[in-house]
Amino acid sequence: MGNALNHYLKPDVTPGPDVVPSFDPMLGFGSRKERVMIATEEEMVSAKLTPKERDYCAHKLLAYRGCRAEKFPFVYQCAHEKHDYLTCEYEDYVLRMKEFERERRLLERQKRLDKQG
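Residues numbered from 1 in each chain as written. Predicted model: local features only at pLDDT ≥ 70, side-chain atom pairs only at ≥ 80, totals over all residues. Heavy atoms only, no water.

(A) Layout of the packing of aromatic side chains. Scanning the model with the defined rule gives one aromatic pair in all. Seen in terms of ring centroids, phenylalanine 74 and tyrosine 76 are 6.3 Å apart; in terms of plane orientation they differ by 85°. Their pairing is edge-to-face. When the ring centre of tyrosine 56 is taken as origin, the NZ or CZ atom of arginine 35, which lies over that ring, is 3.9 Å away. (Phe/Tyr/Trp six-rings, centres within 6.5 Å; stacked < 30°, edge-to-face > 60°. Lys NZ or Arg CZ within 6 Å of the ring centre and 35° of its normal.)

(B) The packing of helix α3 (residues 58-71) against helix α4 (residues 79-116), seen in detail. With their axes 9 Å apart at the nearest point, α3 and α4 run at an angle of 155° to one another. The angle between α3 and α4 falls in the class roughly antiparallel. Where α3 crosses over α4, the two elements pack in a sense that is left-handed. Facing α3, whose interface residues are Lys60, Leu61, Ala63, Tyr64 and Cys67, α4 presents Glu81, Lys82, Asp84, Tyr85 and Cys88. In terms of residue class, the contact of α3 with α4 is built from six nonpolar, no polar and four charged. (Axes fitted to C-alpha atoms, helices over the stretch in contact; angles between N-to-C directions. Helix = DSSP H or I, 4+ residues; strand = E, 2+ residues; numbered from the N terminus. Parallel < 35°, antiparallel > 145°, perpendicular 65-115°, else oblique. Left-handed = near helix turned anticlockwise from the far one by under 90°. Contact = heavy atoms within 4.5 Å. Nonpolar A, V, L, I, M, F, W, Y, C, P; charged D, E, K, R; others polar.)

(C) Molecular detail of the state of the cysteines. For the structure on display, the rule yields two disulfides. Each disulfide pairs two cysteine sulfurs, and for cysteine 57 the partner residue is cysteine 88, the sulfurs being separated by 2.1 Å. On the sign convention where negative is left-handed, the bridge of cysteine 57 and cysteine 88, at about -90° about the S-S bond, is left-handed. Taken as a pair, cysteine 57 in the loop between α2 (41-46) and α3 and cysteine 88 in helix α4 lie far apart in primary sequence, 31 residues in all. Here cysteine 88 falls in the buried class, since its relative accessible area comes to 13%. Taking only the cysteines that form disulfides and numbering them from first to last, the protein chain has the pattern 1-4, 2-3. (Disulfide = S-S within 2.5 Å. Buried < 20%, exposed > 50% of the residue type's maximum accessible area, 1.4 Å probe, protein only.)

(D) Seen up close, the side chain of threonine 14. Tracing the backbone through its elements, the reader meets threonine 14 in the loop between α1 (3-9) and α2. Other than its neighbours up to four places away in sequence, threonine 14 contacts Asn3, Asn6, His7 and Phe100.

(E) Geometry of the nonpolar core. In terms of nonpolar packing, the biggest core is built from 11 residues, these being Ala39, Met44, Leu49, Cys57, Ala58, Leu61, Tyr64, Cys67, Cys78, Tyr85 and Cys88. Look past the residues within four positions of alanine 58 in its chain and what remains in contact with it is Ala39, Met44, Leu49 and Glu53. (Core = buried A, V, L, I, M, F, W, Y, C linked by side-chain atoms within 4.5 Å.)

(F) Broad picture of the pattern of salt bridges. Under the counting rule described, the total for this entry stands at eight salt bridges. Arginine 54 is paired through a salt bridge with glutamate 41; the nearest N and O atoms lie 2.9 Å apart. Taken together, the residues span a long stretch of sequence, with arginine 54 in the loop between α2 and α3 and glutamate 41 in helix α2 at a distance of 13 residues. According to the relative accessible area criterion, glutamate 41 is partly exposed, its value standing at 44%. For arginine 104, the salt bridge identified is with glutamate 101, shortest N-O distance 2.4 Å. Here the residue arginine 104 and the residue glutamate 101 both occupy positions in helix α4, the gap between them amounting to three residues, near one helical turn. For arginine 104, a relative accessible area of 15% gives the class buried. When its relative accessible area of 25% is taken as the criterion, glutamate 101 is described as partly exposed. (Salt bridge = Lys/Arg side-chain N within 4 Å of Asp/Glu carboxyl O.)

Right, here's the structure in full:
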């Protein structure tokens with residue numbers, strides 16, 4: 001079932017696309033690393049990254065673009081940097097989907113416990 005349909009059918013337990021998590025990030029975890037940005041705001045501004053590109057993989061994008069500028073016209077030599085960047089983007093996507101699913105399941109759990117108690 002798609003998220004739009006699920007959001008329509010169960011709006012109370014389906015988090016929106018831009019909702020800040022409402023539960024403790026450490027709930028259910030023994031230890032968990034906090035994600036940090038490696039690229040600074042100044043680096044991203046000077047590289048003219050769009051707001052869409054300013055994510056947790058911006059440092060890899062900067063390395064890839066730097067390699068392309070350095071190796072031009074032989075940009076095929078930057079395949080390793082491109083792979084690193086695309087892998088980071090994929091892993092970020094998977095992590096965001098896991099966080100969405102975690103939030104949805106915790107909302108359903110809270111609703112179920114409120115109904116029982």
